[in-house]
Amino acid sequence: MSEISVLGIFVADISFSGPKIPAVGETILGNKYNIGPGGKGCNQAVAIARLGGKVNFISKIGTDSYGKLALNTLLKNKINTENVIQDPNLQTGVAGILVDKNSGKNAINVIVGAPSTFKISEIDDQINIIKKSKIFLTQLELPKEVTLYCLKTAKENGCLTILNPAPASEIPNEFYSYIDYFTPNETEAEFYTGIKITNEKDAQQAADKLINLGIKKIIITLGEKGLFYSDGNEELYLKASSVKAIDTTGAGDAFNGGFAFGLSKEKPIKECLEIANKVAGLSTTKLGAGDSMPFFKDI
Ligand code: RIB
């Protein structure tokens with residue numbers, strides 16, 4: 001039995017690193033490019049597996065060359081692939097990523113590909129693995145009805161659920177009651193609450209607003225400023241680990257993966273957040289997303 005199930009997408013990330021992120025209509029000469037595994041769900045699964053977690057990935061890919069990259073990535077990282085549907089009629093997704101090599105910041109355009117056609121009827125074949133998991137982790141890159149159905153099933157079967165609400169987009173109120181941990185970054189938190197987050201006090205207000213919607217626990221990641229956690233009673237503010245960031249792509253995924261791993265080992269909340277923080281920081285020191293996830297020995 002897998003301790004953690006991750007529902008999400010795999011895409012091939014095509015990253016271009018250069019002196020800046022080009023403006024509209026501008027051409028620049030870059031330094032490096034990389035084609036590697038990406039997609040928030042797959043990145044999170046890789047982060048968990050590299051820490052030593054038992055993880056099952058639920059997704060859909062094509063049988064094209066990027067589909068092969070997906071399978072190789074999952075196998076290499078010892079992730080269960082039984083619940084990855086392969087459809088020869090669909091294309092595996094890609095993401096175009098522009099990275100500023102000085103700050104590590106990025107701009108991303110994701111073409112979801114095969115998993116954009118996911119239906120609840122297909123997921124029904126994979127639902128047993130979710131029911132048997134201790135932790136269920138997902139994001140917002142798949143059709144919403146599928147995500148909601150899986151979150152609901154996970155919660156009704158006693159899993160701890162984590163929704164990483166990225167990329168930020170409208171979700172029906174029904175989502176909130178099935179979420180144990182909601183993990184937006186500061187811009188996503190602003191999207192869901194209307195509160196612009198510039199300091200700890202703003203983060204606290206945003207977290208209160210989200211708790212009033214029915215979510216149990218909130219973790220707002222604040223980039224280089226660290227993170228804020230609240231369950232309505234206990235509040236924690238942790239600084240980010242200090243690293244020289246080369247590429248921040250996938251740092252949020254590293255954080256979510258590290259956090260899910262900590263929870264699966266039943267560590268206290270502060271320790272889960274510290275693990276997540278370290279994993280996220282280290283993931284920014286290499287170009288790429290999935291391939292930049294650290295191993296347990298690194299943290
Ligand atoms: O969170 C980063 C990820 O978002 C990238 O790997 C990209 O593929 C997008 O899904």
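Our subject is the structure listed above.
Residues numbered from 1 in each chain as written. Predicted model: local features only at pLDDT ≥ 70, side-chain atom pairs only at ≥ 80, totals over all residues. Heavy atoms only, no water.

Peer 1: Would you explain the layout of surface pockets in this entry?
Peer 2: Take a probe with the size of a water molecule and roll it over the atoms, and the empty space left behind shows itself. Taken as a whole, the second largest pocket encloses approximately 180 Å³ of empty space. Ala-49, Arg-50, Gly-53, Asn-77 and Lys-78 are the residues nearest the centre of the second largest pocket, which is lined by 11 residues in total. Considered class by class, the residues forming the lining of the second largest pocket number three nonpolar, four polar and four charged. (1 Å grid on protein atoms, 1.4 Å probe; cavity = no way out; pocket = protein on both sides within 12 Å on 5 of 7 lines; lining within 4 Å. Points joined across faces, edges and corners; volume = space filled by probe spheres on them. Nonpolar A, V, L, I, M, F, W, Y, C, P; charged D, E, K, R; others polar.)

Peer 1: Help me out: how do you make sense of the site of the ligand in this one?
Peer 2: Looking at the ligand, there are 13 residues lining it, with Asp-13, Gly-39, Lys-40, Glu-141 and Asp-253 nearest. The side chain of Glu-141 places a nitrogen or oxygen atom 2.7 Å from an oxygen atom of the ligand. When the free accessible area of the ligand is taken as 280 Å², the share hidden by the protein chains comes to 96%. At the level of secondary structure, the elements contributing two or more residues to the shell around the ligand comprise β2 (11-18) and α1 (40-51). Class assignment for the residues of the shell around the ligand results in four nonpolar, five polar and four charged. (Near = heavy atom within 4 Å. Polar contact = N/O pair within 3.5 Å; in protein donor to acceptor, adjacent residues only side chain to side chain. Areas by Shrake-Rupley, 256 points an atom, 1.4 Å probe, with all protein chains shown as cover. Helix = DSSP H or I, 4+ residues; strand = E, 2+ residues; numbered from the N terminus.)

Peer 1: I tried to follow the packing of α1 against helix α8 (residues 251-264) on my own but got confused; where do I start?
Peer 2: Two measures define how a pair of helices packs: the angle their axes make with one another and the distance between the axes. Taken N-terminus to C-terminus, the directions of α1 and α8 make an angle of 45°; their axes are 8 Å apart at the nearest point. Accordingly, the angle class assigned to the pair α1 and α8 is oblique. Like other packed secondary-structure pairs, α1 and α8 cross with a definite hand, here right-handed. Taking contact as the criterion, the partners of Lys-40, Asn-43, Gln-44, Ala-47, Ile-48 and Leu-51 in α1 are, on α8, Asp-253, Ala-254, Asn-256, Gly-257, Gly-258, Ala-260 and Phe-261. Residue classes in the contact of α1 with α8 are distributed as six nonpolar, five polar and two charged. (Axes fitted to C-alpha atoms, helices over the stretch in contact; angles between N-to-C directions. Parallel < 35°, antiparallel > 145°, perpendicular 65-115°, else oblique. Left-handed = near helix turned anticlockwise from the far one by under 90°. Contact = heavy atoms within 4.5 Å.)

Peer 1: Even after reading the chapter, I still don't get the side chain of Ser-17, so can you show me in this structure?
Peer 2: By secondary structure assignment, the location of Ser-17 is in strand β2. Judged by relative accessible area, which is 8%, Ser-17 ranks as buried. With near-sequence residues (within four places) excluded, Ser-17 lies in contact with Gly-30, Asn-31, Lys-32, Val-99, Lys-101 and Leu-287. (Buried < 20%, exposed > 50% of the residue type's maximum accessible area, 1.4 Å probe, protein only.)

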